Amino acid sequence: MTGRDFVFGVSGFRARTGESFTAANLVRFGNAFARLVKQRGGRVVSIARDTRLSGEAALGALASALMLNGLDAVDFGIAPTPAALYAASHFEMDGSLTITASHNPAEWNGIEFAMERGRLLNASERRLLEAWFRNPPRTFAPWNETGSLRVEEGAAEAHIERVLSLQSVDAEAVRRRALRVVVDAGNGAGSIVSPTLMRRLGCETTELYCEPNGIFPRNPEPTEGSLDALKAAVKEHGADIGIAHDPDADRTTLIDETGAFVPEEYTFALTADVLLKERRGPIVTTVVTGALLDETAQKHDVPILRTPVGVGHVVEKMAETSAAVGGESTGGVVLPQVHLTTDGVAAAAVIASGLASRGGTLSDWVNEWGRYVLVKRKVRLTTRAPDVNRLAEAMSWAQEASAETTDGLKLTWEDGSWVSVRPSGTEPVMRVFAESRDAARAQELLNRAADAVSRLLL
Ligand code: MG
């Protein structure tokens with residue numbers, strides 16, 4: 001279900017406030033989700049939100065729908081998505097709603113849905129939710145079975161304590177090294193967790209944009225072009241590491257001690273490098289994660305398994321295979337010891353601890369991997385997304401590449417270079433990714449594939 005300002009996909013529902021993020025749509029999702037929870041015998045649903053200004057209004061609409069369906073609602077308040085989902089497990093919730101549009105701009109908001117103990121929805125549950133959103137069920141409770149609403153303030157603290165208790169988090173080593181960090185939460189939900197966690201871990205912590213006020217002072221997606229203030233702060237404070245989150249803090253991007261941007265996939269590779277020393281098992285990731293993770297799997301002699309894009313697919317495969325770690329090319333990392341969801345807060349703590357334990361600088365650590373150039377582009381969808389067969393026809397210039405269709409079309413050449421074209425699950429765009437050891441070749445593959453997609457959409 002995709003429109004100009006409305007997306008329902010693997011990550012849930014997202015829309016623009018002032019357009020499709022309306023009380024009516026929120027109530028419809030609330031009713032549909034209530035039916036799903038009740039069908040599984042559930043009674044209690046938590047609701048958390050990031051710092052977006054429309055979050056409190058959405059809490060009201062969702063809580064109302066849940067209660068009138070006979071469910072009890074528990075308000076976790078502002079919390080990063082990973083803290084909300086961990087807390088849903090800790091406090092034994094039957095369902096969990098997180099009001100966030102992740103890294104989308106401030107005018108967007110949305111809902112991420114999870115079932116019992118913060119488990120992300122599987123494909124059949126997503127289909128039911130969409131069907132009941134389109135055709136609202138009549139499942140309202142009788143007058144004497146209306147649910148209640150209560151506040152639970154301990155979600156963030158429960159998450160912090162769990163992360164600090166991880167075997168891979170060594171506060172003693174961090175304290176000995178007196179690691180210096182700068183945290184840039186972009187005024188999102190990470191503001192209320194990450195600086196506290198870093199201090200309790202023993203880091204000398206400087207806060208940048210850690211006001212949980214929902215006014216995003218930079219591009220909320222922590223990409224290379226949006227972190228100039230963090231780069232400057234790292235240099236000014238002589239910090240060992242700069243940590244940037246998106247608004248719901250399920251992602252972390254790093255700045256090294258020289259003030260240089262560390263590409264997002266290293267967040268995943270570095271976290272995996274630490275976790276795999278403690279516990280062996282497969283790495284699970286998506287088709288668009290690059291060779292950095294293949295190299296990490298080789299180094300630790302564990303298998304690497306690839307799924308379609310979307311954390312729901314990654315965590316399902318992780319549960320099936322007892323994976324040691326999972327993640328996405330955006331730098332979202334899943335630490336199964338905490339919870340099966342991407343967790344930028346836990347990843348930051350594991351990396352800080354790993355850096356303190358191994359010694360040296362962050363750039364030394366990053367340089368242990370080969371250099372790959374991953375380039376990305378979005379092509380705006382003006383019509384329906386083209387299917388795989390049409391994509392393959394449009395890219396028939398790539399005869400010598402091997403094709404894979406786990407998600408959209410991925411073409412891989414013998415030298416390891418690859419290009420992937422697929423419809424986004426969160427925005428009305430086609431995403432084009434290309435990777436090569438050679439920057440010019442990566443760019444050429446990206447250009448050719450993006451041109452082919454653009455021509456299909458004419
Ligand atoms: Mg996010």
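Residues numbered from 1 in each chain as written. Predicted model: local features only at pLDDT ≥ 70, side-chain atom pairs only at ≥ 80, totals over all residues. Heavy atoms only, no water.

Trainee: Describe in detail the side chain of asparagine 31, supporting the description with residues and values.
Mentor: Inspection of the secondary structure puts asparagine 31 in helix 1 (residues 23-39). A residue is classified by how much of its surface remains accessible, and asparagine 31, at 9% relative accessible area, is buried. Sequence-distant contacts of asparagine 31, that is, excluding residues within four places in its chain, are made with Ala65, Asn69, Pro137 and Phe140. (Helix = DSSP H or I, 4+ residues; strand = E, 2+ residues; numbered from the N terminus. Buried < 20%, exposed > 50% of the residue type's maximum accessible area, 1.4 Å probe, protein only. Contact = heavy atoms within 4.5 Å.)

Trainee: Can you tell me about unusual backbone geometry, naming the residues and giving the values?
Mentor: Phi is positive for alanine 178, which is not a glycine, with a value near 50 degrees. Relative accessible area serves as the criterion here: at 31%, alanine 178 is assigned to the partly exposed category. The phi dihedral of serine 322 falls on the positive side, at around 50 degrees, and the residue is not glycine. Topologically, serine 322 is positioned in the loop between helix 11 (311-321) and strand 15 (325-327).

Trainee: Describe the environment of leucine 446, and please don't skip the residues or the numbers.
Mentor: With respect to the element layout, leucine 446 can be found in helix 15 (residues 439-456). The exposure class assigned to leucine 446 is buried, which follows from its relative accessible area of 1%. Among all residues touching leucine 446, those that are not within four sequence positions of it are Val375, Lys376, Arg377, Val432, Phe433 and Ala434.

Trainee: Let's hear about helix 12 (residues 344-358): which residues, and what values?
Mentor: Taking 1.5 Å per residue as the helical rise, helix 12 with its 15 residues ought to reach 21 Å, and the 21 Å between its terminal C-alpha atoms agrees with that figure. In terms of burial, helix 12 is a largely internal element, 13 of the 15 residues being buried. For helix 12, the N-terminal cap is aspartate 343; the gap from its side-chain oxygen to the backbone nitrogen of valine 345 is 3.1 Å. (Expected span 1.5 Å × (residues − 1). Polar contact = N/O pair within 3.5 Å; in protein donor to acceptor, adjacent residues only side chain to side chain.)

Trainee: Would you mind going over the pattern of salt bridges in detail, with residue names and values included?
Mentor: Overall, the coordinates contain 23 salt bridges when judged by the stated rule. In this structure, aspartate 228 and lysine 231 form a salt bridge, with 3.7 Å as the shortest nitrogen-oxygen distance. Taken together, the residues span about one helical turn, with aspartate 228 and lysine 231 both in helix 8 (residues 228-236) at a distance of three residues. The network of salt bridges with common partners includes Arg40, Glu116, Arg119 and Glu125. (Salt bridge = Lys/Arg side-chain N within 4 Å of Asp/Glu carboxyl O.)

Trainee: Please set out the sheet that holds strand 13 (residues 283-286) residue by residue, giving values where relevant.
Mentor: With mixed pairing, four strands are arranged side by side in an open sheet as 14-13-15-16. Single-partner strands in this sheet number two, and they are strand 14 (304-307) and strand 16 (333-334). Here strand 15 pairs with strand 16 via two bridges, running antiparallel. Bridge pairing links glycine 327 to valine 333 in strand 16. (Pairing = 2+ DSSP bridges.)

Trainee: Can you explain the packing of helix 9 (residues 265-278) against helix 10 (residues 291-300)? Please cite residues and give values.
Mentor: Viewed as axis vectors pointing N to C, helix 9 and helix 10 meet at an angle of 10 degrees, and their least axial separation amounts to 10 Å. As summarised for this structure, helix 9 and helix 10 are arranged roughly parallel, according to the angle between their axes. Contact residues: helix 9 offers Glu265, Tyr266, Phe268, Ala269, Ala272, Asp273, Leu276 and Lys277, while helix 10 offers Leu292, Leu293, Thr296, Lys299 and His300. (Axes fitted to C-alpha atoms, helices over the stretch in contact; angles between N-to-C directions. Parallel < 35°, antiparallel > 145°, perpendicular 65-115°, else oblique.)

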